[in-house]
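The primary structure of each chain is shown beneath.
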Amino acid sequence: MRKFRILRIDGGGLRGVVPLTMLKKVEAITGKRITESFELIEGTSTGGLITSAIALRNPADPTKPLYTLDDIMKVYINRGHEIFPERGALATAIHVAKDMLSPKFDTDGIEKVFRDAGQS
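Rules used throughout
Residues numbered from 1 in each chain as written. Predicted model: local features only at pLDDT ≥ 70, side-chain atom pairs only at ≥ 80, totals over all residues. Heavy atoms only, no water. Helix = DSSP H or I, 4+ residues; strand = E, 2+ residues; numbered from the N terminus. Buried < 20%, exposed > 50% of the residue type's maximum accessible area, 1.4 Å probe, protein only. Contact = heavy atoms within 4.5 Å. Areas by Shrake-Rupley, 256 points an atom, 1.4 Å probe, with all protein chains shown as cover. Axes fitted to C-alpha atoms, helices over the stretch in contact; angles between N-to-C directions. Left-handed = near helix turned anticlockwise from the far one by under 90°. Nonpolar A, V, L, I, M, F, W, Y, C, P; charged D, E, K, R; others polar. Polar contact = N/O pair within 3.5 Å; in protein donor to acceptor, adjacent residues only side chain to side chain.

Draft legend 1. Representation of the overall build of the protein chain in the model. Of the regular secondary structure elements, the protein chain holds 6 helices and 4 strands. When its helices and strands are written in sequence order, the protein chain yields β-α-α-β-α-β-β-α-α-α. Out of the 120 residues in the protein chain, the part that is buried amounts to 25%. Once local pairs closer than 6 in sequence are excluded, the contacts in the protein chain between residues at least 24 apart make up 67%. Within the structure as shown, the protein chain displays about 8,200 Å² of accessible surface, and the carbon and sulfur contribution to it stands at 61%.

So, in structure tokens, the structure goes:
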């Protein structure tokens, strides 16, 4: 029986650089892109952003990814503060109840980053 391999990445905001670093190591060891090593990839919050970016295919050549792990890492390092802005102590206290009922981060930052990425 063939194994069905699943990659799941949890949330954690800017800590998404940790699974990205691990995935880069897996690619280096196996010599394969992550999408070739797993039948299903999914994630929550920042993990969902990473797995979505990994899964996107290049429209000019659908056999290739639109973004490499290095591309995604650069977004986290250079623009992560726009997607996951830091909150001060007062803002954190105010948002505690709100965060239980809605997403922790506003979509403005991620929408801007993805719009900019689509134009490059």
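Resuming the write-up.
Draft legend 2. Local environment of the packing of helix α3 (residues 46-55) against helix α4 (residues 69-83). Put simply, α3 and α4 touch, their axes get as near as 11 Å, and they point 140 degrees apart. Of the two elements, α3 crosses α4, and the hand of that crossing is right-handed. Here α3 contributes T46, L49, I50, A53 and I54 to the contact with α4, which in turn contributes L69, I72, Y76 and I83. Residues belonging to the contact of α3 with α4 are distributed by class as follows: 8 nonpolar, 1 polar and no charged.

Draft legend 3. Representation of the side chain of T51 in the model. Looking at where T51 falls in the secondary structure, it is placed in helix α3. Within polar-contact distance, the side chain of T51 engages the backbone oxygen of G48 at 3.3 Å. In contact with T51, not counting residues within four places along its chain, are I9, I41, E42 and G43.

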